[in-house]
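Here is how the chains run, residue by residue.
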Amino acid sequence: MKNITAANRPEYIKISTFIFLYFFTWSASIGLLAIWLGQKTHLSGSVIGTVFAVNGIFSVILKPVYGYILDKIGMSKYLLYFVVAMSALMAPFFIYVYQPLLISHTLAGIIVGAIYLSFAWYAGVAACESYTDRYSRLNGMEFGQIRMWGSLGWAVASSFSGLLFNLSPAYNFILGSVASLVMLGVLLSLKVNVTTTHAGDVLSREKIEMRDVYALLRSRKFWAFCLYVAGVAWMMFIAEQQFSRYFVTFFDDVKQGNAVFGYLGTVQSGMEFVMYMVIPVFVNFVGAKKGLLIVGLVVGSRLIISGLCDSHLLISVLKPLYGLEICLLLVSVFKYIAEHFDKRVNATMYLLGYQAMLYVGNVVVSSPAGYLYDRIGFEQTYILMGAIALTFTLVSAFTLSPCQNKRDASRSAESQPTPVKN
């Protein structure tokens, strides 16, 4: 693979294995959270929307804290150790704490669950991805070539998670806890070299201070980026929260729908795996801004068509497109941040400007979306979400900052006069 040399291949394998296992545990358990909440705790669509909204509140609070810590400690792995330890507690938490609380004391269960899920997953995955991006650039690798193994991990777990869920959700959670223990061993063996030739471009000698965060919040570029997240990424992720509930309505047998949804999760993650190999090259060619705008066009179109379709075959074709969207979005976001924001606030910008802002959408939109699902149906709600995504994509075409790309660089080089030899 590009930029993977014999010298750094062992560490590439380790960081890729770590990402593979993290997403494997997520897919095996948290990936079916909406179905679990509906079928095993018997919550309504509105209450499930509230669950995700409260999850979003705690995520919004914790993600900037995680980002600040990452920028403060540099390439230290202490925060990742904490995230993995929380992940390993998945089985006892879900089986003995979360489900009983949601059934007997729903509000308490929602709050306790939001705290745990934020520590281990909603903020945890953002910390892992930000660390991986920094680690890849430190070693001259492409982030996408590491992150693609996370998609493979999700695909492997998705291939049987639905069937395992039908036997007992406890099996999913136990599998996630065991995989987390293996993940801890991989992380312990990962070596970090802060003296590479790329260190000066990635790591700052001056550690982040609170005044750097204040300066970031006053930046026009920061708020222009947040506007894009609010209009496009909010619609993309919030629609996905309860998409599984909509999907199974196309099947006469709910269990068959659960299984097919799991299979399509495998296809989706397989698409992500393949796309992560080529998307970095594509984004380098067109520029990060255009990559973000293309995401908006795909998201808006997919949601509108999802609301209009009446066939389980068509909805099954549309579902895996989410894999293309998430891949193109994530690569474009990291490249946009690296190009337009100071390296001292790299992790803070990602976890505050993208991840925390993303979960502000959970707080603001999840409950109303759940209400709309119950009142006007999934179909009309998805059409509305798709229209909003397309509108904000158009606005962002004027508000996002221009980005460099290899296509323009090639044209510029071709336009230079050829030197005349004497």
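As the structure is a prediction and not an experimental result, all values here were calculated from the model.

J.: When you look at the overall build of the chain in this model, what are you seeing that I'm missing?
T.: A count of helical and extended segments in the chain gives 20 helices and zero strands. Expected size for 422 residues packed as a compact globule is a radius of gyration near 22 Å; at 21 Å, the chain falls within 12% of this value. If one aligns the C-alpha atoms of the chain with their principal axes, the spans along those axes are about 80 × 45 × 40 Å. Just so you have it, the chain exposes about 17200 Å², and 67% of that area is on carbon and sulfur atoms. On the chain, the mean spot of the 31 positive side-chain charges and the mean spot of the 21 negative ones are 6 Å from each other.

J.: Mind showing me how you'd approach the environment of Gly386 here?
T.: Counting through the fold element by element, Gly386 comes out in helix H19 (residues 377-399). Residue classification places Gly386 among the buried positions, given a relative accessible area of 0%. On a C-alpha basis, the gap between Gly386 and Ala239 in space is 9.4 Å, while along the polypeptide they are 147 residues apart.

J.: Sorry if this is basic, but what is going on with the pattern of salt bridges here?
T.: Pairing is possible between side chains of opposite charge, provided their charged atoms come close. Tallied over the full model, the rule gives 10 salt bridges. Between Glu11 and Lys14 there is a salt bridge, with its nearest N and O atoms 3.5 Å apart. Of this pair, Glu11 and Lys14 both sit in helix H1 (residues 9-28), three residues apart, which is roughly one turn of the helix. Note on Lys14: relative accessible area 23%, which makes it partly exposed.

J.: Hey, could you run me through the packing of aromatic side chains in this one?
T.: Here the distance between the centres and the angle between the planes together describe a pair of aromatic rings. Counted according to the given criterion, the structure contains 35 aromatic pairs. On the basis of an interplanar angle of 70° and a centroid distance of 5.1 Å, the ring pair of Trp149 and Phe273 is categorised as edge-to-face. Residue Trp149 is found in helix H8 (residues 143-167), and its partner Phe273 is found in helix H14 (residues 254-286); the two are separated by 124 residues along the sequence. The class of Trp149 is partly exposed, set by a relative accessible area of 24%. Classification of Phe273 as buried rests on a relative accessible area of 15%. Relative to Tyr382, the ring of Phe378 has its centre 6.1 Å away and its plane inclined at 40°; by these criteria the two rings are tilted. Of this pair, Phe378 and Tyr382 both sit in helix H19, four residues apart, which is roughly one turn of that helix. Like Phe378, the residue Tyr382 is buried in the burial classification. The structure contains a cluster of three or more aromatic residues connected by ring pairs, namely Trp36, Phe93, Phe94, Tyr98, Tyr116 and Phe173. A cation over an aromatic ring shows up here: Arg147 above the ring of Phe23, its NZ or CZ 4.1 Å from the ring centre.

J.: Help me understand the nonpolar core in this model?
T.: When a protein is soluble and globular, its nonpolar side chains tend to lie buried together. Phe18, Leu33, Leu37, Phe94 and Tyr98 are the most contacted members of the largest nonpolar core, which has 125 residues in total. Phe94 has contacts with Ile30, Leu33, Trp36, Gln99, Pro100, Tyr116, Leu117 and Phe173, leaving out every residue within four places of it along the chain.

J.: How do you make sense of the packing of helix H15 (residues 288-308) against H19 when you look at a structure like this?
T.: How two helices pack is summed up by the angle between their axes together with the distance between the axes. Following both chains from N to C, one finds H15 and H19 inclined at 160°, their axes separated by 7 Å at the closest point. Put simply, H15 runs roughly antiparallel to H19. Here the hand of the crossing between H15 and H19 comes out left-handed. Residues Lys289, Leu293, Gly296, Leu297, Val299, Gly300, Ser301, Leu303, Ile304, Gly307 and Leu308 of H15 touch H19, and the partners they reach there are Glu379, Tyr382, Ile383, Met385, Gly386, Ala387, Ala389, Leu390, Thr393, Ser396 and Ala397. Classifying every residue of the contact of H15 with H19 by side-chain character gives 13 nonpolar, seven polar and two charged.

J.: Is there a simple way to explain a nonpolar patch on the surface in this structure?
T.: Residues Leu167, Tyr171, Ile174, Val178 and Val182 make up a contiguous nonpolar surface patch of roughly 490 Å² in combined accessible area. If you tally residues by element for the nonpolar patch, the top one is helix H9 (residues 169-189), at four residues. With respect to the helices, strands and loops of the structure, Leu167 is situated in helix H8.

J.: Is there a simple way to explain the packing of helix H12 (residues 220-241) against H15 in this structure?
T.: For the pair H12 and H15, interaxial distance at closest approach is 10 Å and the crossing angle is 35°. For the crossing formed where H12 meets H15, the hand is left-handed. Residue-level contacts link Phe225, Tyr228, Val232, Met235, Met236, Ala239 and Glu240 of H12 to Leu292, Leu293, Val295, Gly296, Val299, Arg302 and Leu303 of H15. For the contact of H12 with H15, the per-class residue count stands at 11 nonpolar, one polar and two charged.

How each quantity is defined
Residues numbered from 1 in each chain as written. Predicted model: local features only at pLDDT ≥ 70, side-chain atom pairs only at ≥ 80, totals over all residues. Heavy atoms only, no water. Helix = DSSP H or I, 4+ residues; strand = E, 2+ residues; numbered from the N terminus. Rg over C-alpha atoms; globule rule 2.2 N^0.38 Å. Areas by Shrake-Rupley, 256 points an atom, 1.4 Å probe, with all protein chains shown as cover. Lys, Arg positive; Asp, Glu negative; His and termini not counted. Charge placed at Lys NZ, Arg CZ, Asp CG, Glu CD. Buried < 20%, exposed > 50% of the residue type's maximum accessible area, 1.4 Å probe, protein only. Salt bridge = Lys/Arg side-chain N within 4 Å of Asp/Glu carboxyl O. Phe/Tyr/Trp six-rings, centres within 6.5 Å; stacked < 30°, edge-to-face > 60°. Lys NZ or Arg CZ within 6 Å of the ring centre and 35° of its normal. Core = buried A, V, L, I, M, F, W, Y, C linked by side-chain atoms within 4.5 Å. Contact = heavy atoms within 4.5 Å. Axes fitted to C-alpha atoms, helices over the stretch in contact; angles between N-to-C directions. Parallel < 35°, antiparallel > 145°, perpendicular 65-115°, else oblique. Left-handed = near helix turned anticlockwise from the far one by under 90°. Nonpolar A, V, L, I, M, F, W, Y, C, P; charged D, E, K, R; others polar. Patch = residues over 30% accessible without salt bridge, like charges linked within 9 Å, V, L, I, M, F, W, Y side chains within 5 Å.

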